[in-house]
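Close look at the chain arrangement
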Number of protein chains: 2
Amino acid sequence: MKDWNDSTGRSSLELPPEEMRRLGYRVVDLIVDRWTNLREEPAWQGGTRRELEPLLSGPPPEEGQDPDAVLQRVVDDVLPRAGRIDHPRFFAFIPSSPTWPSVLGDMLATGFNIFQGTGLESAGPSQVELVVIDWFRDWLGFPKEGGGILTSGGSAANLVALVTGREWAGNPPNPVLYVSDQGHSSLERAARIIGLPAGNVRKIPTDETFRIDVALLQENVAKDRAAGMDPLWVCSNAGATNTVAIDPLADIATLAEKESLWFHVDGAYGGFAVLAPGQKEAFLGIERADSVTLDPHKWLFQPYETGCLLVRDTQLLEAAFRIFPEYLQDTALGKEHVNFADRGVQLTRGFRALKVWMSLQMLGLKAFREGIQAGIDHAREAEKYIQRSPVLEMMGPGSLGIVCFRFRHPDEDGSPELLEALNLRIQEEIVGSGLAMMSSTRLRGEFSLRLSILNYRSTWQDVRQTLEAVEAIGQRLSEVRGGS
Amino acid sequence: MKDWNDSTGRSSLELPPEEMRRLGYRVVDLIVDRWTNLREEPAWQGGTRRELEPLLSGPPPEEGQDPDAVLQRVVDDVLPRAGRIDHPRFFAFIPSSPTWPSVLGDMLATGFNIFQGTGLESAGPSQVELVVIDWFRDWLGFPKEGGGILTSGGSAANLVALVTGREWAGNPPNPVLYVSDQGHSSLERAARIIGLPAGNVRKIPTDETFRIDVALLQENVAKDRAAGMDPLWVCSNAGATNTVAIDPLADIATLAEKESLWFHVDGAYGGFAVLAPGQKEAFLGIERADSVTLDPHKWLFQPYETGCLLVRDTQLLEAAFRIFPEYLQDTALGKEHVNFADRGVQLTRGFRALKVWMSLQMLGLKAFREGIQAGIDHAREAEKYIQRSPVLEMMGPGSLGIVCFRFRHPDEDGSPELLEALNLRIQEEIVGSGLAMMSSTRLRGEFSLRLSILNYRSTWQDVRQTLEAVEAIGQRLSEVRGGS
């Protein structure tokens, strides 16, 4: 048999320890330097396949390349060509800004190669996941029987919720899903994945504040029941993606109890706002949900991918997902262990809980409360600014960290089409300049700019600078148009 | 408005750069020290909830704690209480042993906070994922129209494959899934998730080498078709979890083409063995599959979570998963971009491709071929050892990196129950001593010890030491029994 190791006993896949350490330090330096210079970098950089293919394509080399040269290619050609989602003026979509202790937690979980699928293979890590889930459960006011699992994100959590609800209901033949017309697209996708025909999904209209109309929900349920369908899940928002609307959760809970529906709350965006002083009231009723989606990688300042599904009754989650093959016979250790693989889609799982645990321990809960509150404060201040501005208008009620608005010159009446073209142009100029990243949406059919302010690094100065840029560019474009 | 930042402009969630750097270096040191001492550590350490709860439970502190003390708790109380899946004598389940460049890749992806869901937000990272998927596609001999997505692992990949196949077939009312009786449990779970009744899943018996019996498969399809069912997917193994059996892929491909079935190959364990010299032949027919699951976190030496689904026709994958909500209107950029969120379950995705790209660039493909070949060589050498040993017997045909065997004293006839009790006891002693981690399974109903040899650090010495320990402990236990 050929001896695959060299004279030092190392495989060709191994590096000498001092080289590992040197490259590790260099990677730490690259990350710290990036974080330190983040505000001066553009908030977004793109690239096309035509530009990038020549830089990055081609087969892998047969022989290893100089590691520093490879690192340099990554730093020059790959990593900058992206949104800087944690940039203090990245306000598009839903920002994410991990804390340093959470990054350290991910490094340790990877470097220690933790497999967090079964209790046998990860007793310590499983205990940490249980503890972190207990924290979330307590923050939401869930009962002690509640539990859950950390997932890749909100999409997986919503999928797991629908499957758990269906198993709980005994797999009825004609299940109907009720979801807010502001519900996240991942629910639609989860419905497709679980095999629900599009005709079994009811989008429930929302009121002028983008909250589910509970009377209409009730009507729909009654009509479906009368038609022999099986009303099964109602999915509501605790912070809708578009507008961060929080549905009337207590009213929905009451209806769900009466109608024996599985009451799911998608709090991926907004759920952790319960930690901010005075916000808990807006979420009243969430503690009566059967399941809640939370995304620690959003407003709990964790790296991707960190989602969570909490359920009121952990047994229902395990009943829905447990599978027990022969080659895992050694992993059944009874109640002394939790196999997190029994609670969701994945068997192999990384150790997602460590980053959450480490960042809460190192920074303390108070810092998180303040970080969330800062985002809410900045959004409300932006709202005031827009209301005072002669050229800006709010496009929906502000809520949590979201501001939907547009530029509109007072001298111009502007058709929706013209306003849309103008605002799109403003958005393009701001994003193109690198100053800030903004996204847009449609509210009741009308085009709206959208700022989402969640980053602990964002200051009021960052927000104001972005609003001022919208005003200035809009004014200039209006004048050009006015003068032509 | 309260100013949330301190006099240095920092939020309470931020650390000074020099403190970030110091802690980052310390984490690198902790990981490098662990890797350097790995062989001297026990291959597995456990713990019960009763032991761990007092160490780790309780609410998070309101104020931040000393970061070095928190790190020390993690290193003392959390990380050691786990299987060391990358230990050179960890042969249980399916081992995983990431290379150092792949760990660096994960650190960079986390530290640069890459969101790899849409091309708009990650042009460079998306290009890297395309390149890595092209490599895999070429290694398997897939056509150029083939493509895919990196997933959390094999479970997600198998789920995505079933959904894609169902959409391709137009969602027939009574779909039937055919899966080897050696198929992975994640297929059974995926079937449950997509809403397939248990009665629509056929487990196809395997022959004495644990390969699908194609004649029986054909019979089942014909019978189902005659009964008005809709035969839809056939899932075969390219390295079954139990035994690493490789199904007769070319014959199944022919049947699938004739019967218009979606031909899925689960190559999570074995797929990358095509890179080892002379192995490609065993996988003949895989290039005709409609979809293939691969797990780079297994035999491509990547950290968790790195799975992959390859499909023959990328358009089918996107047709199955694309959803387009209003708040993503800015992300539609035409053919110049790929939105990986259109190809699977997740919208938010981390940058999984970087670790693969960096480790292939830094180490070269040849090192990976050698690393895989070393595992195969060690397994075949173990087989020879067992065949020569007077007290060990093979329990199935050896294949790739797997060896299924048991202890059996030549002077004892031993009922299956006695042999099972004896071998379980041997396993417990070896695992308890920390020497090695082994798992067990059942083959044709009989208990079998199982070694899985995939780690590039494992030497023949590691394997032999473990086999010798089985012999020695077995002999001692037999003598005690014989003498009683």
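As a starting point, this report considers the structure included with it. (Residues numbered from 1 in each chain as written. Chains lettered and ligands numbered in written order. Predicted model: local features only at pLDDT ≥ 70, side-chain atom pairs only at ≥ 80, totals over all residues. Heavy atoms only, no water.)

**Examining the interface of chain A and chain B**
As a reminder, the rule being used: The contact criterion used is simple: two residues touch if any of their non-hydrogen atoms lie within 4.5 Å. Joining two parts hides part of their accessible area as seen by a 1.4 Å probe, and the buried area is that hidden amount summed over both. Salt-bridge detection follows one rule: a side-chain nitrogen of Lys or Arg within 4 Å of a carboxyl oxygen of Asp or Glu. Think of it as three bins: nonpolar holds Ala, Val, Leu, Ile, Met, Phe, Trp, Tyr, Cys and Pro, charged holds Asp, Glu, Lys and Arg, and polar takes everything else, Gly as well.
Each side of the interface is counted separately: chain A has 165 residues, and chain B has 164 residues. Buried surface at the junction of chain A and chain B, summed over both partners, amounts to about 14,800 Å²; 62% is from carbon and sulfur atoms. Here chain A and chain B share 10 salt bridges between them. A salt bridge links A:Arg21 to B:Asp29, with the nearest nitrogen and oxygen atoms 2.9 Å apart. Of the residues belonging to the side of chain A that touches chain B, the class tally is 81 nonpolar, 48 polar and 36 charged.

**Let's talk about the sheet that holds strand E5 (residues 262-267) of chain A**
Residue and element names in this part refer to chain A. Threshold: Strands pair, by our definition, only if DSSP identifies at least two bridges between them. Put simply, DSSP marks the helices as runs of H or I at least four residues long and the strands as runs of E at least two long, and each gets a number from the N terminus on. Axis definition: a line fitted to C-alpha atoms, limited for helices to the stretch in contact. Angles are taken between N-to-C directions and run from 0 to 180 degrees.
The strand order E1-E7-E6-E5-E4-E2-E3 describes an open sheet built from seven strands, whose pairing is mixed. Strands with a single pairing partner mark the edges of an open sheet, and in this sheet they are strand E1 (147-151) and strand E3 (201-204). When the angles between neighbouring strand axes are averaged without regard to direction, this sheet yields 20 degrees. Here strand E4 (residues 230-237) pairs with E5 via five bridges, running parallel. Each residue of the ladder has a partner; that of Ser236, found in E5, is Val265.

**Some thoughts on the environment of A:Ala190**
Residues and elements named next belong to chain A. Mapped onto the fold, Ala190 is located in helix H7 (residues 185-193). For the pair Ala190 and Asn158, spaced 32 residues apart in sequence, the C-alpha to C-alpha distance is 6.9 Å. In this structure, Ala190 is in contact with Leu159 and Leu162, ignoring residues within four places of it in sequence.

**What to know about the environment of A:Arg450**
All names here are of chain A. The condition is simple: Counted as a polar contact is a pair of N or O atoms within 3.5 Å, where, for protein atoms, one must be capable of donating a hydrogen and the other of accepting one, and residues adjacent in sequence contribute only when both atoms are in side chains.
Checked against the element boundaries, Arg450 lands in strand E11 (residues 446-452). For the pair Arg450 and Cys404, spaced 46 residues apart in sequence, the C-alpha to C-alpha distance is 4.5 Å. Reaching out from Arg450, the side chain makes a polar contact with the backbone oxygen of Phe93 at a distance of 2.7 Å.

**Some points on the nonpolar core**
The following threshold applies: We define the nonpolar core as a collection of buried residues of types Ala, Val, Leu, Ile, Met, Phe, Trp, Tyr and Cys that are connected through side-chain atoms lying within 4.5 Å of one another. For every residue, the accessible area obtained with a 1.4 Å probe (protein chains only) is divided by the maximum for its type, and the residue is called buried under 20%, exposed over 50%, and partly exposed between those limits.
By size, the foremost hydrophobic cluster in this structure holds 197 residues, and its most contacted members are A:Leu108, A:Phe136, B:Leu108 and B:Phe136. Other than its neighbours up to four places away in sequence, B:Leu108 contacts A:Val27, A:Leu30, A:Ile31, A:Leu71, A:Val74, A:Leu79, B:Leu354 and B:Met358. Residues A:Leu309, B:Val163, B:Leu177 and B:Val345 belong to the second largest nonpolar core, which totals 58 residues.

**Some points on the state of the cysteines**
All names here are of chain A. To keep it simple, the criterion reads: Cysteine sulfur pairs qualify as disulfides if the two atoms are within 2.5 Å.
Per the stated rule, a full pass over the model turns up zero disulfides over all chains. In this structure Cys235 is not part of a disulfide, and its nearest cysteine sulfur, from Cys308, lies 16 Å away. The exposure class of Cys235 is buried, given its relative accessible area of 1%. Among the residues examined, Cys308 registers a relative accessible area of 0% and is labelled buried.

**What to know about helix H8 (residues 214-226) of chain B**
Residue and element names in this part refer to chain B. The criterion, for reference: Multiply 1.5 Å by the residue count of a helix minus one, and that product is the helix's expected span. The arc under discussion is defined with respect to the helix axis, by the directions toward the C-beta atoms.
Relative to the 18 Å expected for 13 residues at 1.5 Å per residue, H8 spans 18 Å between its end C-alpha atoms, a close match to the ideal helical length. Inspection of H8 places Val214, Leu217, Asn220, Val221 and Asp224 among the buried residues, and these make up the whole buried set. Axial view of H8: buried residues confined to an arc of 115 degrees, hence all on one face. Pointing more than 90 degrees away from the buried face of H8 are the exposed residues Glu219, Lys223 and Ala226. For H8, the elements touching its buried residues are strand E2 (175-180), strand E3 (201-204), strand E4 (230-237) and helix H9 (249-259). The opening residue of H8 is Asp213, an N-cap whose side-chain oxygen sits 3.1 Å from the backbone nitrogen of Ala215. Looking at the residues trailing H8, positive phi occurs at Gly228, about 85 degrees.

**What about the packing of aromatic side chains?**
Residues and elements named next belong to chain A. Quick reminder of the rule: Aromatic rings from Phe, Tyr and Trp, taking only the six-membered ring of Trp, are treated as a pair when their centres fall within 6.5 Å; an angle between ring planes under 30 degrees marks them as stacked, one over 60 as edge-to-face, and anything in between as tilted.
Tallying each qualifying case throughout the model produces 21 aromatic pairs over all chains. Relative to Phe368, the ring of Phe301 has its centre 6.1 Å away and its plane inclined at 45 degrees; by these criteria the two rings are tilted. Here Phe301, found in the loop between helix H10 (296-299) and strand E7 (307-311), pairs with Phe368, found in helix H13 (residues 365-388); they are 67 residues apart in sequence, far enough to count as distant. Of the two residues examined, Phe301 and Phe368, each falls in the buried class. Grouped by ring-pair contacts, the aromatic residues Phe136, Trp139 and Phe272 constitute a single cluster.

**Concerning helix H5 (residues 123-140) of chain A**
An α-helical turn contains 3.6 residues, so a residue and the one three or four places further along point in the same direction. The first and last C-alpha atoms of H5(A) sit 26 Å apart over 18 residues, in line with the 26 Å expected at 1.5 Å per residue. Most of H5(A) is tucked away, with 16 of its 18 residues classed as buried.

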